[in-house]
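Structure assessment
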Amino acid sequence: MNFSKKNHEHKNKNVIDVSKKVILSVAVIAALGLTSCKNETKKETETTTTEMSKDMAMTDLSFGVRGNCGMCKNTIEKAANGVEGVASANWDVDKKKIDVSFDDTKTDAMAIHKAIAASGYDTEKVAGDEEAYDGLPSCCKYDHEMMMNQSGEEESDDHSNHDH
Ligand SMILES: [Cu+2]
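Residues numbered from 1 in each chain as written. Predicted model: local features only at pLDDT ≥ 70, side-chain atom pairs only at ≥ 80, totals over all residues. Heavy atoms only, no water.

**So, the overall build of the chain**
- Secondary structure assignment for the chain yields five helices and three strands.
- The order of helices and strands in the chain, counted from the N terminus, is α-β-α-β-β-α-α-α.
- Across the 164 residues that make up the chain, the buried fraction comes to 26%.
- For the chain, restricting intrachain contacts to residue pairs at least 6 apart in sequence, the fraction spanning at least 24 positions comes to 56%.
- Total accessible area computed for the chain in this model is approximately 12200 Å², and 55% of it derives from carbon and sulfur atoms. (Helix = DSSP H or I, 4+ residues; strand = E, 2+ residues; numbered from the N terminus. Buried < 20%, exposed > 50% of the residue type's maximum accessible area, 1.4 Å probe, protein only. Contact = heavy atoms within 4.5 Å. Areas by Shrake-Rupley, 256 points an atom, 1.4 Å probe, with all protein chains shown as cover.)

**Some remarks on the environment of D94**
- Here D94 lies in the loop between β2 (86-92) and β3 (97-103).
- If near-sequence neighbours (up to four positions away) are discounted, D94 is found in contact with Q150 and G152.

**So, the coordination of the copper ion**
- Bound to the copper ion are the protein donor atoms C69 (SG), C72 (SG) and C140 (SG), situated 2.1 to 2.2 Å from the metal.
- Accessibility expressed as a relative area gives 1% for C140, which makes it buried. (Donors = N, O, S within 2.8 Å, 3.2 Å for Na, K, Ca; no water.)

**A word on the environment of K73**
- Mapped onto the fold, K73 is located in helix α2 (residues 70-81).
- On the basis of relative accessibility, which here comes to 26%, the residue K73 falls in the partly exposed class.
- A sequence separation of 67 residues divides K73 from C140, and the C-alpha atoms of the two residues are 9.7 Å apart.
- The contacts of K73, once residues within four sequence positions are left out, are N90 and W91.
- Of the polar contacts made by the side chain of K73, one reaches the side chain of E77; its length is 2.7 Å. (Polar contact = N/O pair within 3.5 Å; in protein donor to acceptor, adjacent residues only side chain to side chain.)

Structure, rendered in structure tokens:
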């Protein structure tokens, strides 16, 4: 009689121990879940911030570049696009001007001027490399006195030479 009572008490204690363990496990799982959710939220916020600052770092720039024709356009734009951080480059054959969009955390205006000059073309700030200029096709050997940043509306000098 006495023995069986003791056994019963012992059983009860075991049940309490088990439920304690279950509560503890649930608490741990809940805590882990909460932590991982927190981490994910933080990650998302960081990504958004990075993308935003990337957009804000894009700089649009226009400057004069001398050149004659479509082949010049290819060479000039290829040189500008070859600079790391340049997103787009568009040279206007009539205006003798280039529009560049670039990431100013990766490059700067002078790097783009220098790259174009290295391909043989004069920019507003840097004279074209002479060796590269000599290597250009004859149609591309532009006049070093050429006006840059033209409006694009006036006719070129070729036409004013004609007397009708
Ligand atoms: Cu050309």
